[in-house]
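Chain and residue survey
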Amino acid sequence: MKVTAIISKELIEEAMELSKADTITETLKVALVSYIRSQKVKQIGAAIVSEPFEFKYSAQELRDLNRR
């Protein structure tokens, strides 16, 4: 997809430097992937806070199951 965006030169230069990307397109791809991942981690964290994991087995029971 082709997109036109107005982004400051300084922001692009800093993003290119931090991402080690050679092109603006590559830099934006790295930035978007990174942003999407961080948002998914936040969503997972919020889901865990609202509904914590419940463990069915104790540590000893898991050890015993793994040794069978």
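These numbers were taken from a predicted model, which means no experiment stands behind them.

This brings us to the environment of Asn66. Topologically, Asn66 is positioned in helix 3 (residues 59-67). For Asn66, a relative accessible area of 67% gives the class exposed. Sequence separation between Asn66 and Val3 is 63 residues, and the spatial gap between their C-alpha atoms is 53 Å.

Per the counting criterion, the structure on display carries 1 salt bridge. In this structure, Glu13 and Lys9 form a salt bridge, with 3.8 Å as the shortest nitrogen-oxygen distance. Of this pair, Glu13 and Lys9 both sit in helix 1 (residues 9-19), 4 residues apart, which is roughly one turn of the helix.

So, on to the environment of Ser38. Looking at the secondary structure, you find Ser38 in helix 2 (residues 24-50). Ser38 sits 17 residues away from Ala21 along the chain, and the two C-alpha atoms are 19 Å apart.

It is worth spelling out the confidence of the model for the protein chain at this point. Model confidence for the protein chain is summarised by a mean pLDDT of 94, while 100% of its residues fall at 70 or above. The spread of mean pLDDT over the elements of the protein chain runs between helix 3, the lowest at 92, and helix 1, the highest at 97.

Two elements in contact, helix 1 and helix 2, have axes whose closest approach is 9 Å; the angle formed by their N-to-C orientations is 75°. Viewed along their axes, helix 1 and helix 2 adopt a mutual orientation that is roughly perpendicular. Contacts between helix 1 and helix 2 involve Ile12, Ala15, Met16 and Ser19 from the former and Ile24, Thr27, Leu28 and Val30 from the latter. Taken together, the residues that form the contact of helix 1 with helix 2 break down as 6 nonpolar, 2 polar and no charged.

Rules and cut-offs
Residues numbered from 1 in each chain as written. Predicted model: local features only at pLDDT ≥ 70, side-chain atom pairs only at ≥ 80, totals over all residues. Heavy atoms only, no water. Helix = DSSP H or I, 4+ residues; strand = E, 2+ residues; numbered from the N terminus. Buried < 20%, exposed > 50% of the residue type's maximum accessible area, 1.4 Å probe, protein only. Salt bridge = Lys/Arg side-chain N within 4 Å of Asp/Glu carboxyl O. pLDDT = per-residue confidence, 0-100. Axes fitted to C-alpha atoms, helices over the stretch in contact; angles between N-to-C directions. Parallel < 35°, antiparallel > 145°, perpendicular 65-115°, else oblique. Contact = heavy atoms within 4.5 Å. Nonpolar A, V, L, I, M, F, W, Y, C, P; charged D, E, K, R; others polar.

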